[in-house]
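One letter stands for each residue in the lines below.
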Amino acid sequence: MGAQPASGPVRAIPVAQGLENPWAVAFLPEGRFLVTERPGRLRVVEADGRLNPPVAGLPWVAAGGQGGLLDVVLDRGFASNRTLYFCFSEPAPAGAAGNSTALARARLSEDRTRLDDLRVVFSQRPKVASSLHFGCRIVEGMKDGRPDGTLFLTLGERFQRMQDAQTLDNHLGKVVRVGKDGSVPRDNPFVGRAGALPEIFSYGHRNPQGATLGPDGRLWMHEHGPQGGDEINLPQPGRNYGWPLITFGEQYGGGPIGAGITAGAGMEQPLHHWTPSIAPSGMAFLTSDRYGSAWKGSLFVGSLKFQFLNRVELSGAKVVREERLLGDLGERIRDVQQGPDGYLYVLTDNPKGRLMRLVPP
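Residues numbered from 1 in each chain as written. Predicted model: local features only at pLDDT ≥ 70, side-chain atom pairs only at ≥ 80, totals over all residues. Heavy atoms only, no water.

**Q** Is there a simple way to think about the sheet that holds strand S4 (residues 41–45) in this case?
**A** Hydrogen bonding along the main chain pairs the strands of a sheet, whether they run parallel or antiparallel. Pairing within the open sheet is antiparallel, and its three strands lie in the order S2-S3-S4. Either end of the sheet is taken by a strand with one partner, and the two such strands are strand S2 (22–27) and S4. Strand-to-strand twist in this sheet, taken as the mean axis angle between neighbours without regard to direction, amounts to 20°. The pairing of strand S3 (residues 33–37) with S4 spans five bridges and is classified as antiparallel. Bridge assignment links valine 35 to a residue of S4, and that residue is arginine 43. (Pairing = 2+ DSSP bridges. Helix = DSSP H or I, 4+ residues; strand = E, 2+ residues; numbered from the N terminus. Axes fitted to C-alpha atoms, helices over the stretch in contact; angles between N-to-C directions.)

**Q** Help me understand the layout of surface pockets in this model?
**A** Rolling a probe over the atoms, with the probe sized like a water molecule, indicates the empty space that remains. Considering only enclosed or pocket space, the largest pocket measures out at about 940 Å³ in volume. Lining the largest pocket are 34 residues, with Arg76, Thr212, Leu213, Gln337 and Gln338 sitting closest to its centre. Counting only elements with at least two residues in the lining of the largest pocket, the list comes to S2, strand S5 (69–74), strand S9 (135–143), strand S13 (207–213), strand S17 (280–285) and strand S21 (333–338). Residues that form the lining of the largest pocket fall into these classes: 16 nonpolar, nine polar and nine charged. (1 Å grid on protein atoms, 1.4 Å probe; cavity = no way out; pocket = protein on both sides within 12 Å on 5 of 7 lines; lining within 4 Å. Points joined across faces, edges and corners; volume = space filled by probe spheres on them. Nonpolar A, V, L, I, M, F, W, Y, C, P; charged D, E, K, R; others polar.)

**Q** Sorry, what's going on with the pairing of S21 here?
**A** Taken residue by residue, a regular strand's side chains alternate between the two faces of the sheet. Here five bridges tie S21 to strand S22 (residues 344–348), and the two strands are oriented antiparallel to one another. Its bridge partner being in S22, glutamine 338 is matched across the sheet by leucine 344. Between S21 and S22, which pair antiparallel in sequence order, lie five residues; one of them, glycine 342, sits at a positive phi of approximately 85°.

**Q** Could you clarify how one ought to interpret empty space enclosed by the protein in this entry?
**A** Throughout the structure, instances matching the rule amount to one cavity of 30 Å³ or more. What lines the largest cavity is Gly204, Arg206, Glu223, His224, Gly225, Pro226, Gly229, Glu231, Tyr241, Trp243, Ile246 and Thr247. Partitioned by chemical class, the residues of the lining of the largest cavity number four nonpolar, five polar and three charged.

**Q** Can you walk me through unusual backbone geometry in this structure?
**A** Glycine aside, residues mostly have negative phi, and peptide bonds are mostly found in the trans state. Look at the link from tryptophan 243 to proline 244: it is a cis peptide, with omega at 0°. Along the chain, the position of proline 244 falls in the loop between strand S15 (230–233) and strand S16 (272–274). Even without glycine at this site, arginine 82 takes up a positive phi of about 55°. On the accessibility criterion, arginine 82 (14% relative accessible area) is buried. In this structure, aspartate 117 takes a positive phi of about 50° despite not being glycine. On the secondary structure map, aspartate 117 appears in strand S8 (residues 115–123). (Buried < 20%, exposed > 50% of the residue type's maximum accessible area, 1.4 Å probe, protein only.)

**Q** Explain the environment of leucine 245 to me, please; I cannot follow it from the model alone.
**A** Note on placement: leucine 245 falls in the loop between S15 and S16. Each C-alpha atom of the pair leucine 245 and aspartate 71 lies 28 Å from the other, and the pair is 174 residues apart in sequence.

**Q** Please clarify how the side chain of arginine 206 should be interpreted in this entry.
**A** Mapping arginine 206 onto the fold places it in the loop between strand S12 (200–203) and S13. Within polar-contact distance, the side chain of arginine 206 engages the side chain of tyrosine 252 at 3.1 Å. (Polar contact = N/O pair within 3.5 Å; in protein donor to acceptor, adjacent residues only side chain to side chain.)

**Q** Help me out: how do you make sense of the sheet that holds S22 in this one?
**A** Overall, antiparallel pairing links the four strands, which are arranged S1-S23-S22-S21 in an open sheet. On the outer flanks of this sheet lie strand S1 (11–19) and S21, each paired with one strand and no other. The sheet shows a mean angle of 20° between the axes of neighbouring strands, direction not considered.

**Q** Looking at this structure, how should I read the nonpolar core?
**A** Nonpolar side chains in soluble globular proteins tend to end up buried together. Within the largest apolar cluster, 36 residues are counted, with the highest numbers of intra-cluster contacts made by Leu34, Leu84, Phe86, Leu103, Leu115, Ile138 and Leu153. Setting aside anything within four residues of it in sequence, one finds leucine 34 in contact with Ala24, Val25, Ala26, Leu28, Leu42, Arg43, Val44, Val72, Leu74 and Leu84. Counting residues in each nonpolar core, the second largest holds 28 residues, with Trp295, Leu344, Val346 and Leu355 among its members. (Core = buried A, V, L, I, M, F, W, Y, C linked by side-chain atoms within 4.5 Å. Contact = heavy atoms within 4.5 Å.)

**Q** Can you walk me through the side chain of glutamate 157 in this structure?
**A** Mapping glutamate 157 onto the fold places it in the loop between strand S10 (146–155) and strand S11 (174–179). Of note is the side chain of glutamate 157, whose polar atom sits 2.7 Å from the side chain of histidine 133. The contacts of glutamate 157, once residues within four sequence positions are left out, are His133, Met162, Ala165, Leu172, Gly173, His205, Arg206 and Trp243.

**Q** What exactly am I supposed to notice about the packing of aromatic side chains here?
**A** Both the distance between ring centres and the angle between the ring planes are used here to describe each pair of aromatic rings. Going through the model one piece at a time under the given rule, you end up with 11 aromatic pairs. Ring centres of phenylalanine 27 and phenylalanine 33 lie 5.9 Å apart, and the angle between their planes is 65°; this geometry places the pair in the edge-to-face category. Both residues of the pair, phenylalanine 27 and phenylalanine 33, count as buried. Its guanidinium or amino end placed over the ring of tryptophan 243, arginine 206 lies 5.2 Å from that ring's centre, counting from NZ or CZ. The residue whose ring lies beneath arginine 324 is phenylalanine 306, and the NZ or CZ to ring-centre distance is 5.5 Å. (Phe/Tyr/Trp six-rings, centres within 6.5 Å; stacked < 30°, edge-to-face > 60°. Lys NZ or Arg CZ within 6 Å of the ring centre and 35° of its normal.)

Put into structure tokens, the structure is as follows:
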């Protein structure tokens, strides 16, 4: 089901320009922004759009292909603890081959120039010699409206290891859930199960590059299909989301994947799928009134392939309408977030990418 073109009632106002393939944005106090650049830089952007020199103290990043410095989120207690979390493609130790997605925590210094107390709290296993399908979106878990001390991290299956998405002895093609210190929550679904890694929350995913909490606190995510079959899912603990055994997509160039089926016993159906693929990235719910009541509660997803921002209108957990926005920009939309001011912000994925604020006309 593809999105239908429509002209959108928003204008994109540039906030900052000259960012090299920016991947994620978070919102600092006093109107500042924290932006990752895929080649391996973290930048503070001033409220007036000025780019500061890269923040010091990052770990070594295996930048290349789809890999690099990817998502970043602030701890909900950032105002008092200055803690942030980021994920990146982590190289294997010296003398070994491969890379994988890793999750780190650190404190941003008071002058915003460096990271202190850096600690890698999770590393995807195994490391694979691939520059594809890192996943890498972070969501802070909530329970009863309050942070529960956990983090969700989406992980790709590294493209050539797609069969591993169906087995529980690895982290490929999984959503994992860990404590903020890297510990394993006792209520994770596979704790104590022989042959299963205890960090796994759900499995059977391909390359999830969007995740967020819904207004009700549930985890939402989307993932890239192959040729067709991009999916929106609501991951539930212990559930199997089917890749590569079931998919609405097909091989690049045509032909079935596996048995060529779209449903199977014990596997979850997507909430929604896009065929042809839109190549989704970034994901946010709009909870503010900045754009009128009709948009409040909508889900927003960036499209890399077709270069638009997709507004997804929902009735409960059912998609009832889609609207394409920002198609006149001609830029890949990598991330979308709602800022503290209630406006939507997007990042465009280009060598000279931009951070933009969306305002009503």
